[in-house]
Amino acid sequence: SSLIFSCNLIFSQNNDISSINRFENGELLEYRLHYGIFNTSYASLNLKKVTLENNSVYHAAGYGTTTGLARLFFKVEDYYDSYFDTNTIAPILFKRNIDEGGYTKNLEIVFDQEKQTAYINNIKEQSKKEVKTESNSQDLISSLYYLRTFFATEDIKENEYFNINMFYDSKNRFFKLQYLGKEVIKTKFGKIECLKFKPTTKRSRIFRGEGSITIWLSNDQNRVPVRLQADLLIGSIKADLNNFDGLVAPLLTKTD
């Protein structure tokens, strides 16, 4: 389920929200993950405006779990919480509490954007540390909303690359993506024109190698993640949008 959440910067660099509102309080996105013909997992992202230290911020709550027979073989229970600025999408607080087949992690990270410092509380290991962050760093969840908000098709050509500064697992990482242009895909809601991206991935014990992950965002006002696909060493996993609520605009489908 962590699949829902894994060139020059082409994003607006003025640290102010785009003039087009891509999401709002109450947005809910739900996904079904398929491994071959099997429905194996469920994931959701729930966005709400909350008050944190007297400031109004967005809280994106991510949840993922295995379902049905898959749960008997590999139990997953993942919780992600990202609190980020409603204008700049800069993360303020990030929580990750996961159990993936016995592999567990429980972290809380407080971001000080002015000092460019992340304060990491490793709850599982009962340890704390400070790490310097890169300018305009995003956490695992806020990076998705950042991409939806600031990606500008007019500033990039097909097959060009761009970076998102991501702070993940206590490390600064350049999340490099390739923009592959537009593609119409079939979904349960109809045919949807999407913006297609391929993050740079390395071969690992799970992923097949370079270009193993593909992301499709709806090419409409919402820029909703419609599909994610990962090519594994054995087979592939596909996550499809299964349900949604609270979008800022109707999900745009094609009639032809």
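Structure: see above.
The rules behind the values
Residues numbered from 1 in each chain as written. Predicted model: local features only at pLDDT ≥ 70, side-chain atom pairs only at ≥ 80, totals over all residues. Heavy atoms only, no water. Phe/Tyr/Trp six-rings, centres within 6.5 Å; stacked < 30°, edge-to-face > 60°. Helix = DSSP H or I, 4+ residues; strand = E, 2+ residues; numbered from the N terminus. Buried < 20%, exposed > 50% of the residue type's maximum accessible area, 1.4 Å probe, protein only. Lys NZ or Arg CZ within 6 Å of the ring centre and 35° of its normal. Pairing = 2+ DSSP bridges. Salt bridge = Lys/Arg side-chain N within 4 Å of Asp/Glu carboxyl O.

**Some details on the packing of aromatic side chains**
Applying the stated rule across the entire model yields 15 aromatic pairs. Ring geometry for phenylalanine 23 versus tyrosine 58: centroids 5.7 Å apart, planes at 70°, classification edge-to-face. With phenylalanine 23 in the segment before β1 (28-35) and tyrosine 58 in strand β3 (residues 55-66), this residue pair connects regions lying 35 residues apart in the sequence. Neither phenylalanine 23 nor tyrosine 58 differs from the other in exposure class; each is buried. When the ring of phenylalanine 151 is compared with that of phenylalanine 197, the centres are 4.9 Å apart and the planes differ by 85°; the resulting orientation is edge-to-face. Taken as a pair, phenylalanine 151 in the loop between α2 (142-150) and β9 (161-168) and phenylalanine 197 in strand β11 (residues 190-199) lie far apart in primary sequence, 46 residues in all. Here the aromatic cluster, defined as three or more aromatic residues joined through ring pairs, consists of Phe23, Tyr58, Phe84 and Tyr145. Positioned above the aromatic ring of tyrosine 161 is the side chain of lysine 176, whose terminal nitrogen or guanidinium carbon lies 4.6 Å from the ring centre.

**So, the pairing of strand β13 (residues 225-231)**
With five of seven residues buried, β13 lies mostly within the body of the structure. Pairing of β13 with strand β14 (residues 236-245) involves five bridges; the strand directions are antiparallel. In the strand pairing of β14, arginine 227 is matched with aspartate 240.

**What to know about the pattern of salt bridges**
Side-chain pairs of opposite charge can arise whenever the charged atoms involved come near each other. Scanning the entire structure with this criterion turns up six salt bridges. Lysine 105 is the partner of aspartate 169 in a salt bridge, and the nearest nitrogen-oxygen pair spans 3.4 Å. In this pair, aspartate 169 sits in the loop between β9 and β10 (171-187) while lysine 105 sits in strand β6 (residues 103-112), placing the two residues 64 residues apart along the sequence. Across the pair arginine 227 and aspartate 240 runs a salt bridge, and its minimum N-O distance is 2.6 Å. Pair noted here: arginine 227 is in strand β13 and aspartate 240 is in strand β14, with a separation of 13 residues, a long-range link. Summarising the burial analysis for this pair, arginine 227 and aspartate 240 share the class buried.

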